[in-house]
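# Commentary on secondary and tertiary structure
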Amino acid sequence: MYCHNLCRRLTTSLVALVALSAAVTASAQDWARKMFEEPSFKFGTVARGAKAEHRFVFKNLYEEDVHVASVRSSCGCTTPTVSKDTLKTFEKGEIVATFNTRSFLGSKSATVTVTFDKPFYAEVQLQVEGYIRSDVVFHPPAVEIGTIEHGTQVEKKISIDYAGRNDWKILKVETPGDFVQTKLVEKSRGNGQVSYDLHVHLMPHAPIGYIHDQIRLVTNDQRSDSVPLDIEGRINSEISVSPSSLFLGTVQPGQKVTKQLVVRASKPFHVLSVECDDPAFTFKAGDEAKPLHLIPVTFTASEQPGKISRTIRIVTDLGETTTTELIAHAQVGGDGKIEPSTDSVSVQSR
C-alpha cells in the first residue's frame, strides 16, 4: 500500500511538473507571437497555376533587434520565405507563404514554423489552407504590375481557360478599388472548353506603395462561385525618405538627440519645409535644389517621461507640391528599457 501511494504521488508530481514546463515554454513564446498581425490565412478556392501567396506581417515591438533564423513548412504545397530576417525597433517584416498551385490540386493545408534566435529563442506557427481547382487556369498566373512611378497607367492581359461544362460563365469581375478597371472578352466556347481574355487597367490615381490584392471572378459555378486572381506591384512616389520610420532611442528628460533623414528623388528638387506639430522637434534643411537632401532632425526631450510618437511632414516643390510623411518615435526617461505599456517593449529573459 505504501509503494502504491508513493507511486501515485510521484506520478501526480511528474504530471504537474510537465504541465508547468509546458506553461513556461508557452509563455516564453508569447513575445514572438505578439509581433504578428494574424496567425492564419485561408486562400479559399484558387485556379491551377495561379499565383497565390500571403504575407504574414510582423513588427519588432522591442528595443532589442529581432532575428529570424529560419522558416519551414509542414507541407510541400506551401513554400515560406522571409522578406527581412533582421528587424530593428518598430521595423516590419513579412513571412511570405506561397501556395504551390502548379504541383498540387485539391484541398491543402500547411503549418509554417518561424524560428527566432534573437533576442531569445522562440517559434511561431502560422497556418494556411486552400483548395486548388484543376478546371480553371490563368496565363500568366497573376496580374504583375511591376515597379512603376505614381501617375502611370498600366494595362495587362490575362487569358482564362476553363475545362468542364459548355455553360460555364464568368458573370462579373470584382476589383479591389476604383483604381483597377477591367474588360472581359469571351474568346471561345465549345466541347467543354471556355476561354476569356481579361484586360486589366491600373489607373494613374492608384495609391503609392505596395499593392497586393485580388480581383475576383464571379461565376455561375454553384460549387465554387468565385475564383481569385492576384494583382501586385509597387507604385513609387516621386520622393523617398530613409529611414521610413525614425527611432530616436531612449533619452533622458532635457537630453537632445539628433538623427539624419535622407530625402531623394530622380531629379533635383527644393525642400520647401519640414514640419512637426511638436516644438520638441527642430530641423535644418538647405535651400539648394538637388536630387538628394540630408536633413538633421533634433529632438529635445521634455521633463515628462513616456513614449513619444510624432508625424514629420516634408514638403517639396516636385510637381506643384509633393508632401511625404514619416513617424518619429522616442522613449523619454526610464531605465533605458522601453516599458511594456507602450507599443515597444523590452524582451525580458525568462
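Residues numbered from 1 in each chain as written. Predicted model: local features only at pLDDT ≥ 70, side-chain atom pairs only at ≥ 80, totals over all residues. Heavy atoms only, no water.

### Thoughts on the overall build of the protein
Our working rule: Under the scheme used here, helices are H or I runs from DSSP no shorter than 4 residues and strands are E runs no shorter than 2 residues, and both carry numbers assigned from the N terminus. Throughout this description, buried means an accessible area under 20% of the type-specific maximum (1.4 Å probe, protein chains only), exposed means over 50%, and partly exposed covers the range between. Residues are treated as being in contact if the distance between any of their heavy atoms lies within 4.5 Å. Note that accessible areas follow from Shrake-Rupley with a 1.4 Å probe, and for residues the cover is restricted to the protein chains shown.
Each helix and strand in the protein was counted, giving one helix and 23 strands. Classification of the 350 residues of the protein by burial places 42% in the buried group. Of the contacts made within the protein by residues no fewer than 6 positions apart, 67% connect residues no fewer than 24 positions apart. Accessible area for the protein stands at about 18,300 Å²; split by element, carbon and sulfur atoms hold 50% of it.

### Focus on unusual backbone geometry
With an omega of -10°, the peptide bond running from H139 to P140 counts as cis. Turning to its location among the elements, P140 is positioned in the loop between strand 8 (122–139) and strand 9 (143–149). Looking along the chain, the bond that leaves S242 and enters P243 is cis, with omega of 0°. Although it is not a glycine, F90 sits at a positive phi angle of roughly 75°. Within the element layout of this structure, F90 appears in the loop between strand 5 (86–87) and strand 6 (92–99).

### Quick notes on the sheet that holds strand 6
Short version of the rule: Here a strand pair is declared whenever DSSP counts at least two bridges between the two strands. Whenever a helix is involved, its axis is fitted only over the stretch in contact; in every case the axis is a line through C-alpha atoms, and angles between N-to-C directions fall within 0 to 180 degrees.
Spatially, the three strands line up as an open sheet ordered 2-6-4, and their pairing is antiparallel. Edge positions in the sheet fall to strand 2 (52–59) and strand 4 (78–82), since each has one partner strand and no second. The mean angle between the axes of side-by-side strands here comes to 20°, regardless of whether they run parallel or antiparallel. Where strand 4 lies against strand 6, five bridges are found, and the strand directions are antiparallel. Residue pairing across strands places V82 opposite I95, the latter belonging to strand 6.

### Considerations on the environment of S195
So the rule is basically this: Polar contacts here mean pairs of N or O atoms no more than 3.5 Å apart (in protein, one a potential hydrogen donor and the other a potential acceptor; neighbouring residues in sequence count only if both atoms are side-chain atoms).
Among the structural elements, S195 can be located in strand 13 (residues 193–202). Note on S195: relative accessible area 13%, which makes it buried. In this structure, S195 is in contact with I160, D161, V185, E186, K187 and S188, ignoring residues within four places of it in sequence. Side chain to side chain, S195 and D161 meet in a polar contact 2.9 Å long.

### Description of the layout of surface pockets
What counts is decided by this rule: The method works on a 1 Å grid over the protein atoms by themselves. A cavity is a set of points holding a 1.4 Å probe that cannot get out, a pocket is an open set with protein on both sides within 12 Å along at least five of seven lines, and residues with an atom within 4 Å of a point line them. Grid points are joined across faces, edges and corners, and a volume is the space filled by probe spheres set on the points. Residues are grouped as follows: nonpolar covers Ala, Val, Leu, Ile, Met, Phe, Trp, Tyr, Cys and Pro; charged covers Asp, Glu, Lys and Arg; every other residue, Gly included, is treated as polar.
Each pocket or cavity is described by its volume, and for the largest pocket that value is around 1,200 Å³. Forming the walls of the largest pocket are 34 residues, and the residues nearest its centre are R234, V241, P243, S244 and S245. Those elements giving two or more residues to the lining of the largest pocket turn out to be strand 2, strand 6, strand 14 (209–219), strand 15 (226–236), strand 16 (239–242), strand 17 (245–251) and strand 23 (322–332). Here the lining of the largest pocket takes seven residues from strand 23, the largest share from any one element. Residue composition of the lining of the largest pocket, grouped by class: eleven nonpolar, 14 polar and nine charged.

### Points about the packing of aromatic side chains
Each aromatic ring pair is summarised here by two numbers: the centre-to-centre distance and the angle between the ring planes. Here is the rule: Only rings of Phe, Tyr and Trp enter the pairing, Trp through its six-membered ring, and a pair is recorded when the two centres are within 6.5 Å. The plane angle decides the type: under 30 degrees is stacked, over 60 is edge-to-face, the rest tilted.
Throughout the structure, instances matching the rule amount to eleven aromatic pairs. Ring centres 4.3 Å apart and planes at 5° place the aromatic pair Y162 and W168 in the stacked group. You can call Y162 buried: its relative accessible area is 3%. A relative accessible area of 1% places W168 in the buried class. On the basis of an interplanar angle of 40° and a centroid distance of 4.9 Å, the ring pair of F281 and F299 is categorised as tilted. Here the residue F281 occupies a position in strand 20 (residues 281–283), and F299 occupies one in strand 21 (residues 290–300), the gap between them amounting to 18 residues.

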